[in-house]
Amino acid sequence: MNLSFERNTNLPEKISLIPLDSELWDVYTGAYGNVVKDLRPLMNPRPRILTPSEKLQEAINFQSLFENLWHQLHFYAADYLALPYLVSLLEQRAEEKDFQSQLDLISELGLCLSTDIPSNQADPSQPIPNRKIIGDYNDCIAILRERTKIFLEAYLERLSWLSEDEKMSFYISVLAILGDREAAFVFNSTLLDECYVMCGECEYCDETIEPFSVKNPNSIRPARSVMGRWDGKSLNDVYVWFSNLVDMLGDKQSVRALTYYYGIYTCPKCGAKGRVIDLMKKYFFE
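Residues numbered from 1 in each chain as written. Predicted model: local features only at pLDDT ≥ 70, side-chain atom pairs only at ≥ 80, totals over all residues. Heavy atoms only, no water.

A. Summary view of the overall build of the chain. For the chain, the helix and strand inventory stands at eleven helices and five strands. Principal-axis analysis of the C-alpha atoms gives the chain an extent of 60 × 45 × 40 Å. The buried share of the chain, reckoned over its 286 residues, is 52%. Excluding contacts between residues fewer than 6 apart, the proportion of contacts in the chain whose partners are at least 24 apart in sequence is 72%. As presented, the chain carries roughly 14,200 Å² of accessible surface, and 48% of it is formed by carbon and sulfur atoms. For the chain, the distance from the average site of its 29 positive side-chain charges to the average site of its 41 negative ones is 5 Å. (Helix = DSSP H or I, 4+ residues; strand = E, 2+ residues; numbered from the N terminus. Buried < 20%, exposed > 50% of the residue type's maximum accessible area, 1.4 Å probe, protein only. Contact = heavy atoms within 4.5 Å. Areas by Shrake-Rupley, 256 points an atom, 1.4 Å probe, with all protein chains shown as cover. Lys, Arg positive; Asp, Glu negative; His and termini not counted. Charge placed at Lys NZ, Arg CZ, Asp CG, Glu CD.)

B. View of the sheet that holds strand 3 (residues 220–221). Strand order in the open sheet formed by three strands is 3-4-5, and the pairing between neighbours is antiparallel. Since the sheet does not close on itself, it has two edges, and those belong to strand 3 and strand 5 (273–275), each with one partner. By the bridge criterion, three bridges tie strand 4 (residues 264–266) to strand 5 in an arrangement that is antiparallel. Looking at the pairing, Tyr 265 lines up with Gly 274 of strand 5. Contacts from helix 11 (residues 276–285) reach strand 3, strand 4 and strand 5 within the one sheet, and its direction differs from that of strand 5 by about 90°. (Pairing = 2+ DSSP bridges. Axes fitted to C-alpha atoms, helices over the stretch in contact; angles between N-to-C directions.)

C. Looking closely at the environment of Glu 108. By secondary structure assignment, the location of Glu 108 is in helix 5 (residues 99–115). Through-space distance from the C-alpha of Glu 108 to that of Asp 231 is 27 Å; in sequence the pair is 123 residues apart.

D. Focus on the side chain of His 71. Tracing the backbone through its elements, the reader meets His 71 in the loop between helix 3 (52–70) and helix 4 (78–95). Within the structure, His 71 has its side chain in polar contact with the side chain of Tyr 32 (distance 3.2 Å). Excluding its chain neighbours within four sequence positions, the residues that come into contact with His 71 are Ala 31, Tyr 32, Phe 66 and Tyr 76. (Polar contact = N/O pair within 3.5 Å; in protein donor to acceptor, adjacent residues only side chain to side chain.)

E. Fine view of the nonpolar core. Grouped together as the largest cluster of nonpolar side chains are 96 residues, with contacts concentrated most on Leu 86, Leu 159, Phe 187, Trp 241 and Tyr 261. In terms of residue count, helix 6 (residues 131–159) provides more of this core than any other element does, eleven residues in total. With residues near it in sequence (within four places) discarded, Phe 187 still touches Ile 172, Leu 175, Leu 192, Phe 242, Leu 258, Tyr 261, Tyr 262 and Ile 277. (Core = buried A, V, L, I, M, F, W, Y, C linked by side-chain atoms within 4.5 Å.)

F. Representation of helix 3 within the structure. Compared with an ideal rise of 1.5 Å per residue, which puts 19 residues at 27 Å, helix 3 spans 27 Å between its outermost C-alpha atoms and is within 8% of the ideal. Among the residues making up helix 3, those that are buried are Asn 61, Phe 62, Leu 65, Phe 66, Asn 68, Leu 69 and Trp 70. Residues of helix 3 that are buried in the fold lie against helix 2 (36–43), helix 4 and helix 5. Two residues or fewer after helix 3 comes Gln 72, characterised by a positive phi angle close to 55°. (Expected span 1.5 Å × (residues − 1).)

G. Here's a closer look at unusual backbone geometry. Residue Lys 97 is not a glycine yet carries a positive backbone phi of 55°. Note that Lys 97 resides in the loop between helix 4 and helix 5. Phi is positive for Leu 192, which is not a glycine, with a value near 55°. Secondary-structure assignment places Leu 192 in the loop between helix 8 (181–190) and strand 1 (197–198).

H. Fine view of the pattern of salt bridges. As enumerated under the stated definition, the model contains 14 salt bridges in all. Measuring nitrogen to oxygen at the nearest pair gives 2.6 Å for the salt bridge that ties Lys 252 to Asp 247. The class for Lys 252 is exposed, based on a relative accessible area of 54%. A salt bridge links Asp 278 to Arg 275, with the shortest nitrogen-to-oxygen separation between them at 3.2 Å. Judged by its relative accessible area of 34%, Asp 278 is partly exposed. Among the charged side chains, a salt-bridge network with shared partners connects Glu 203, Lys 282 and Glu 286. (Salt bridge = Lys/Arg side-chain N within 4 Å of Asp/Glu carboxyl O.)

I. How the structure looks around the side chain of Thr 148. Structurally, Thr 148 is set in helix 6. Among the residues examined, Thr 148 registers a relative accessible area of 0% and is labelled buried. Apart from the residues within four sequence positions on either side, Thr 148 is in contact with Ile 106, Val 174, Ile 177 and Leu 178.

Below is the structure:
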């Protein structure tokens, strides 16, 4: 299938950036404080050919920056300021047709977005950014969505050649960017194998469901397969497009697991029924 996503044509013409010497970086921090020391080198002009030592240093800065931005899967206020720079960097790497850099940035930025959930703030006492900062942040998310669509359309076959771990990291990030941040957080936490739910009626927490790779759980009626039912364009039904994308990337085990995550759970305590992914969100966030 050739992907041809629906496009958002109402995008900002320019990405707005907070100066790197602004005092705001000391106010809106990451897990280990000000993130500029790792961000600044990544934004410097890149030589046409990197030496081995330059590649190593770039990788160190990249890893350190994102560890600062999503440490232990929490959301940090530094994301508000850093994301516009990183989306701008993604735009540059797209112009250079740098597959690996685009892959790394989309995977990490999606992970950051998967943590941006109201109940998941690392430090709720940090001040809320002003309306302009929030607006610029959301504008960049819209740009990131479109850039992710373009990347998928251009490199779908090449993405299928990645290792299993790289694939999973990437497509869960795509879910956060294009579809459902909370589900992406859950899947990052369970690696699309484990299942923990909270009943929507009696609030019984079921932590006894065995991994899907081990056993078919009796308490869950799996959803019907939706393979072949995606048009390669619409993102309206998360279960449909996400399952088909995972299948296109060749991860059959996760496709099977998704039929359970989007299936129906029956509570052994009160008999109430609910969609598994919704009850997992309740478990993780309530």
